[in-house]
Amino acid sequence: MDALKWHIIDFFQALAAGLLVGGTYGLMCVGLGIIFGVMRVVNFAQGDFMMLGMYVTYYLVTGFGVLAFLGPYAGPVAGAALAGPIVFCIGWLLHRYLISRVTGARVASAEGEGHYAQIIMTLGVALVLSNGGLILFGSVPLSVRTPLSSESWEIGEVFLNQARAVAFILAVIAAFALYLFLTRSALGKSLRAAADNPVAAAYVGINVDRCHRLAFALGVGVTAVAGGLIASSQSFQPYIGFDFVIVMYAGVVLGGMGSILGAFWGGLTIGLVQQMSTLILPYQLQNTAIFVVFLLIVFFKPQGMFGRVWERT
């Protein structure tokens, strides 16, 4: 009976950890989902923008101590929130002077060639960001250590890491606020119109290129916030983006391409699979479990888990 009890406790511990990790995964997947849903661009640099969010949070909270006056609890949360607008501005400028050259109306007539250029461009941006990060920040792993990082709430026999729990709550709030923005605001409806039919949107006076710029900047900014939240519970270095971009694409495809809510649920599923797999697999094989589930879902439901329910939010 004792062995059965501990197996049950391990199950619920892994389930709780999967939900907490999956919440932040879901938020970063939402950022990628916005970019693909509106622009139809495969952004290979998305993980590196998340890395920028981690470093921005670190330097605001620990490195330069700009937010030290907020204390060890509120400071990291404020740092993650501020990472979004800062990386948003970087994404806006990057799209204005680089990404817009290979996306939008100017390549609509040569869609095939445009996709090749987009892939090369985003890969180049990823390489510049990761190697530039190595030059600027160094290769020593860092983290935003707070009292929450080493403390847990106890629910029965299950422990919830406080840093991950706070990150989960904030990720859900941010994803819901973003959903309301896209579905209720006039600007959000313009983004959806530009995604659904850019030609018709242009005819009714919507600036499609500006919508693409906003979608790109918003997408990388949201992912940077997720990175800032993760930085409180995990160490990072300039090449961490590669590990997470795989998770992001798996989550977006699982949820249904072009679906914001689907992307969040896809990221949540990835987190659950990753943590639950530790019950039967070694830690090193977590990503193997993710791709086994990914292949199974895509095989039986190619449009993703919510492809029909959430065609596009």
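See the structure printed just above.
On a predicted model such as this, the values are computed, not experimentally measured, just so you know.

Okay, the side chain of Ser-277 next. Here Ser-277 is to be found in the loop between α10 (260-276) and α11 (286-300). What makes Ser-277 buried here is its relative accessible area of 6%. Not counting chain neighbours up to four residues away, the residues in contact with Ser-277 comprise Gln-286 and Ala-289.

Note on backbone geometry: most residues besides glycine have negative phi, and most peptide bonds are trans. Although it is not a glycine, Arg-40 sits at a positive phi angle of roughly 60°. Tracing the backbone through its elements, the reader meets Arg-40 in the loop between α1 (2-39) and α2 (46-63). Owing to a relative accessible area of 34%, Arg-40 belongs among the partly exposed residues under this scheme.

A word on a nonpolar patch on the surface. Taken together, Leu-4, Ile-8, Phe-11, Phe-12, Leu-279, Ile-280, Leu-281 and Leu-285 make up a surface patch of nonpolar side chains, about 720 Å² in accessible area. Topologically, Leu-4 is positioned in helix α1. Relative accessible area serves as the criterion here: at 48%, Leu-4 is assigned to the partly exposed category.

This brings us to the nonpolar core. If you look at the biggest cluster of nonpolar residues, it comprises 77 residues, and the most contacted ones within it are Leu-27, Met-28, Met-39, Phe-49, Met-54, Phe-236 and Phe-244. When residues of this core are assigned to their parent elements, the largest contribution, 13 residues, is made by helix α8 (residues 208-230). Ala-16, Leu-20, Val-158 and Leu-160 belong to the second-largest nonpolar core, a separate cluster that totals 5 residues.

The next thing to look at is the pairing of strand β1 (residues 152-155). The pairing of β1 with strand β2 (residues 158-161) spans 4 bridges and is classified as antiparallel. Across the sheet, Glu-154 pairs through a bridge with Phe-159, a residue of β2. What sits between β1 and β2 in their antiparallel hairpin is a turn of 2 residues, with Gly-156 showing a positive phi close to 65°.

What follows concerns the environment of Ile-35. With respect to the helices and strands, the residue Ile-35 is situated in helix α1. In this structure, the C-alpha to C-alpha distance between Ile-35 and His-212, residues 177 residues apart in sequence, is 8.0 Å.

This part takes up the packing of aromatic side chains. This structure, assessed with the given rule, holds 14 aromatic pairs. Look at Phe-44 and Tyr-249: their rings are 6.0 Å apart centre to centre, the planes differ by 40°, and that puts the pair in the tilted class. Residue Phe-44 is located in the loop between α1 and α2, and its partner Tyr-249 is located in helix α9 (residues 240-255); the two are separated by 205 residues in the primary sequence. By relative accessible area, Tyr-249 is classed as buried at 19%. The interplanar angle of 75° and the centroid separation of 6.5 Å between the aromatic rings of Tyr-58 and Phe-236 together place this pair among those described as edge-to-face. Separated by 178 residues along the polypeptide, Tyr-58 in helix α2 and Phe-236 in the loop between α8 and α9 bring together distant segments of the chain. Its relative accessible area of 1% is what places Phe-236 among the buried residues. Ring pairs connect the aromatic residues Tyr-55, Tyr-58, Tyr-59, Phe-64, Phe-137 and Phe-236, which therefore count as one cluster. The ring centre of Tyr-97 lies 5.0 Å from the NZ or CZ of Arg-96, which sits over that ring. Just above the ring of Trp-92 sits the side chain of Arg-213; from NZ or CZ to the centre is 5.9 Å.

Conventions adopted
- Positions within a chain are numbered from 1, following the residues in the order the chain's sequence is written.
- Given that the model is predicted, a residue must reach a pLDDT of at least 70 before its local features are reported, and side-chain atom pairs must reach 80 or more before they are shown or counted; all residues, however, enter totals for whole chains, interfaces and linings.
- Only hydrogens and water are removed before side-chain values are computed, so all heavy atoms of the structure are retained for them.
- The helix count covers DSSP runs of H or I at least four residues long, the strand count covers runs of E at least two residues long, and both are numbered beginning at the N terminus.
- The classification of residues rests on relative accessible area computed with a 1.4 Å probe and restricted to protein chains. Under 20% of the type maximum is buried, over 50% is exposed, and intermediate values are partly exposed.
- Whether two residues are in contact is decided by their heavy atoms, any of which lying within 4.5 Å being enough.
- Patches draw on residues past 30% relative accessible area with no salt bridge. Two like charges within 9 Å are joined, as are two nonpolar side chains (Val, Leu, Ile, Met, Phe, Trp, Tyr) within 5 Å.
- Only the protein chains shown count as covering a residue, and every accessible area follows the Shrake-Rupley method with a 1.4 Å probe.
- For salt bridges, the criterion is a side-chain nitrogen of Lys or Arg within 4 Å of an Asp or Glu carboxyl oxygen.
- The set of buried Ala, Val, Leu, Ile, Met, Phe, Trp, Tyr and Cys residues whose side-chain atoms join them within 4.5 Å is what this entry labels a nonpolar core.
- At least two DSSP bridges between two strands are required for those strands to pair.
- Classification of ring pairs rests on two measures: the distance between centres of Phe, Tyr or Trp rings, Trp counted by its six-membered ring, which must be within 6.5 Å, and the angle between planes, read as stacked under 30 degrees, edge-to-face over 60 and tilted in between.
- Distance and angle both matter: a charge sits over a ring if NZ of Lys or CZ of Arg is within 6 Å of the ring centre and within 35 degrees of the ring normal.

Everything listed here is a matter of geometry and, on its own, says nothing about what the molecule does.
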